[in-house]
Amino acid sequence: MPQYLWSKIVIVGDRGFGDDPLYIVTDLSDSSLVLEIYGYRMRIEESFRDFKNERYFSLRAAGLKGVVKMEKLILVTVVDYMFVILLALLEKG
């Protein structure tokens, strides 16, 4: 028996996404929730991009040799990142 998914398209044209509108296909009914979730997703995507980028943070650019040194660097980075998120949440409210 076929199942049907009801979808809708959320179109964003004036929220700082450039000149072109952003089209989001979703099965959620609340458009503001869709935009909030998509905003979280984009922040995560940008964080991954920053971690890979040589200009911001790159494990290769750190020049560390050995697994233990690399693990320590990653641990310090994750703890620092969590601290920044905690500060942002406290500031928000």
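Scroll up for the structure.
Let me sum up the structure you'll find in this document. (Residues numbered from 1 in each chain as written. Predicted model: local features only at pLDDT ≥ 70, side-chain atom pairs only at ≥ 80, totals over all residues. Heavy atoms only, no water.)

1. A look at the overall build of the chain
Then, number 1: In terms of helices and strands, the chain carries 3 helices and 2 strands.
Then, number 2: Walking the chain from its N terminus toward its C terminus, one meets helices and strands in the order β-β-α-α-α.
Then, number 3: Looking at the chain as a whole, 10% of its 93 residues qualify as buried.
Then, number 4: In the chain, the proportion of contacts linking residues at least 24 apart, taken out of those at least 6 apart, comes to 9%.
Then, number 5: When the accessible surface of the chain is totalled, it reaches about 8,500 Å², and 62% of it is carbon and sulfur. (Helix = DSSP H or I, 4+ residues; strand = E, 2+ residues; numbered from the N terminus. Buried < 20%, exposed > 50% of the residue type's maximum accessible area, 1.4 Å probe, protein only. Contact = heavy atoms within 4.5 Å. Areas by Shrake-Rupley, 256 points an atom, 1.4 Å probe, with all protein chains shown as cover.)

2. Some points on a nonpolar patch on the surface
Then, number 1: Side chains of Phe-83, Val-84, Leu-86, Leu-87 and Leu-90 sit close together on the surface and give an oily, nonpolar patch of about 490 Å² of accessible area.
Then, number 2: Within the secondary structure, Phe-83 sits in helix α3 (residues 67-92). (Patch = residues over 30% accessible without salt bridge, like charges linked within 9 Å, V, L, I, M, F, W, Y side chains within 5 Å. Salt bridge = Lys/Arg side-chain N within 4 Å of Asp/Glu carboxyl O.)

3. Digging into the pattern of salt bridges
Then, number 1: Applying the stated rule across the entire model yields 1 salt bridge.
Then, number 2: The residue Glu-45 makes a salt bridge to Arg-41 at a minimum N-O spacing of 3.8 Å. Within this pair, Glu-45 and its partner Arg-41 are both found in helix α1 (residues 31-52), separated by 4 residues, close to a single helical turn.

4. What about the side chain of Thr-77?
Then, number 1: Along the chain, Thr-77 falls in helix α3.
Then, number 2: The exposure class assigned to Thr-77 is buried, which follows from its relative accessible area of 17%.
Then, number 3: Looking at Thr-77, its side chain comes within polar contact range of the main-chain oxygen of Leu-73, at 2.8 Å. (Polar contact = N/O pair within 3.5 Å; in protein donor to acceptor, adjacent residues only side chain to side chain.)

5. Side note on the nonpolar core
Then, number 1: With 5 residues, the main nonpolar core is built from Val-10, Val-12, Leu-22, Ile-24 and Val-34.
Then, number 2: Of all elements in the fold, only β1 (8-12) and β2 (22-26) reach the threshold of two or more residues within this core. (Core = buried A, V, L, I, M, F, W, Y, C linked by side-chain atoms within 4.5 Å.)

Purely spatial values, then, with no claim about function.
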